[in-house]
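Here is what each chain is made of, one letter per residue.
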Amino acid sequence: MASQMLIYESAVAVSSARHGGWSVEVGADYTFSKNVNSVPLMAVEIQTAATEYAVVFSGTDEAMIPAVILGMRGNENLYLTGQGAWQAKYLPAFVRRYPFVFSSSADGKTFTLCIDESFPGCNQQGRGERLFDEQNKPTAYVENVLKFLEQYQAEFRRTQAFCAKLRELDLLEPMRAQANLASGEKVSLTGFMAVNRERLKALSPEALAELAKTDALELLYLHLQSMRNFSGMMDRLGAKRGAEAGETAEASASARPQAGRANPKEEKTAEIRQPVKTGK
């Protein structure tokens, strides 16, 4: 599998022939995610994630999916400490499943368990959880990983249906987030979409009733409310940027519909990073 999924570098199929003596030691160090400024989110996670993150939509029309914003600059996760600890109560499932992931067949009907062999917790010294027992059969740990990924895949399909409905109703619009740092530097983030509140309010009673019946309407308003969390993330950016440059840790933030391009002489612009394949 190519390096195509944000935090994965060298994911290969798990097999007793290759990984018979391997173990995985998973701890509280999330340094593997330090270079991503967003990760995919399943629709079922929005309710919890919206309290701490800005929840947006990213991808193409054919592969739109919710995502949480983690940083304003291209390769920066502001939710990590310098020691790799995660600074939020909720950890997205996309991060929790690492270093494991499913690889799908061309027809999408067959899934193969893969592991990112570049993960520092992979070892052959018996640290952590064994992948295979003495009979070269998957351990209970691997069986639990499979159950988690199967559930994740089921939620991914539900999320696809949720996003397809948003496209059908034409509710999404491109957005831009901007931060003004104490140094005078302006930072802008693009490449994501949000629900247009006016379009949502203008839906027919029948369409609104359908969204409410499936709980999608609640998720949309949680998403809109979560945009306020950009301000908290800007505080993180201001503090980090201030520490880097010895400046006062202040920043102001806004998120608004995207209109034209930023002037590169005035503003540093980044896009949220997109996986080639999302969710599998």
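Residues numbered from 1 in each chain as written. Predicted model: local features only at pLDDT ≥ 70, side-chain atom pairs only at ≥ 80, totals over all residues. Heavy atoms only, no water.

Attention now moves to the packing of aromatic side chains. Counting across every chain of the model gives twelve aromatic pairs. Note on Y30 and W86: the rings are 5.9 Å apart at their centroids and 80° apart in plane angle, and the pair reads as edge-to-face. Here the residue Y30 occupies a position in the loop between strand 2 (23-24) and strand 3 (38-40), and W86 occupies one in the loop between strand 5 (65-69) and helix 3 (93-96), the gap between them amounting to 56 residues. Look at W86 and you get buried, because its relative accessible area is 12%. Within the aromatic cluster, the residues linked to one another by ring pairs are Y8, Y30, F32, W86, F94, Y98 and F119. Positioned above the aromatic ring of Y152, the side-chain terminus of R97 is 4.5 Å from the ring centre. The ring of Y79 has R236 sitting right over it, with the charged end atom 4.1 Å from the ring centre. (Phe/Tyr/Trp six-rings, centres within 6.5 Å; stacked < 30°, edge-to-face > 60°. Helix = DSSP H or I, 4+ residues; strand = E, 2+ residues; numbered from the N terminus. Buried < 20%, exposed > 50% of the residue type's maximum accessible area, 1.4 Å probe, protein only. Lys NZ or Arg CZ within 6 Å of the ring centre and 35° of its normal.)

An α-helical segment advances 3.6 residues per turn. Residues three or four places apart therefore align on the same side. Relative to the 42 Å expected for 29 residues at 1.5 Å per residue, helix 4 (residues 140-168) spans 42 Å between its end C-alpha atoms, a close match to the ideal helical length. Of the residues trailing helix 4, D170 is marked for its positive phi of about 55°. (Expected span 1.5 Å × (residues − 1).)

Attention shifts here to the pairing of strand 6 (residues 100-104). Summarising burial for strand 6: four of the five residues are buried, a large majority. The sheet contact formed by strand 6 and strand 7 (residues 111-116) spans five bridges and is antiparallel. Along strand 7, the bridge assignment pairs V101 with C114. Here strand 6 folds back onto strand 7, and the loop between the two strands holds six residues, one of which, G108, carries a positive phi near 70°. (Pairing = 2+ DSSP bridges.)

Below, the discussion takes up the pattern of salt bridges. This model, assessed by the stated rule, comprises ten salt bridges. With its nearest N and O atoms 2.9 Å apart, the salt bridge here joins R158 to E155. Of this pair, R158 and E155 are both found in helix 4, three residues apart, which corresponds to roughly one turn of the helix. The exposure class assigned to E155 is buried, which follows from its relative accessible area of 17%. Ionic pairing is found between E198 and K201, a salt bridge with its closest N-O pair at 3.7 Å. Remark: K201 and E198 occur in helix 5 (residues 197-201); sequence separation between them is three residues, near one turn of the helix. Neither E198 nor K201 differs from the other in exposure class; each is exposed. Beyond isolated ion pairs, a larger network of salt bridges with shared partners links K165, E168 and E210. (Salt bridge = Lys/Arg side-chain N within 4 Å of Asp/Glu carboxyl O.)

Further remarks concern the sheet that holds strand 8 (residues 122-123). In space, the three strands of this open sheet follow the order 8-2-9, with antiparallel pairing throughout. Strand pairing shows two members of the sheet lacking a second neighbour, strand 8 and strand 9 (129-130), which therefore form its edges. The pairing of strand 2 with strand 9 spans two bridges and is classified as antiparallel. If you follow S23 over to strand 9, its bridge partner there is R130.

Turning our attention to the confidence of the model for the protein chain. Summary statistics for the protein chain give a mean pLDDT of 87 and a share of 86% for residues scoring 70 or more. This stretch, residues 259-265, has a pLDDT under 50; its non-local contacts, to residues over four places away or in other chains, come to five contacts. Scored below 50 in pLDDT, residues 276-280 makes 18 contacts in the model with residues more than four places away or belonging to other chains. (pLDDT = per-residue confidence, 0-100. Contact = heavy atoms within 4.5 Å.)

Moving on: the side chain of N196. Looking at where N196 falls in the secondary structure, it is placed in the loop between strand 11 (186-195) and helix 5. You can call N196 buried: its relative accessible area is 15%. A polar contact is formed between the side chain of N196 and the side chain of E173, at a distance of 3.3 Å. Not counting residues up to four positions away in its chain, the partners in contact with N196 are L171 and E173. (Polar contact = N/O pair within 3.5 Å; in protein donor to acceptor, adjacent residues only side chain to side chain.)

Here we take up the packing of helix 6 (residues 205-213) against helix 7 (residues 216-226). Contact pair helix 6 / helix 7: the axes reach a minimum separation of 5 Å and the direction vectors enclose 90°. The angle between helix 6 and helix 7 falls in the class roughly perpendicular. Residues L208, L211 and A212 of helix 6 form the contact with helix 7, whose own contacting residues are A216, L217 and L220. Looking at the contact of helix 6 with helix 7, its residues break down into six nonpolar, no polar and no charged. (Axes fitted to C-alpha atoms, helices over the stretch in contact; angles between N-to-C directions. Parallel < 35°, antiparallel > 145°, perpendicular 65-115°, else oblique. Nonpolar A, V, L, I, M, F, W, Y, C, P; charged D, E, K, R; others polar.)

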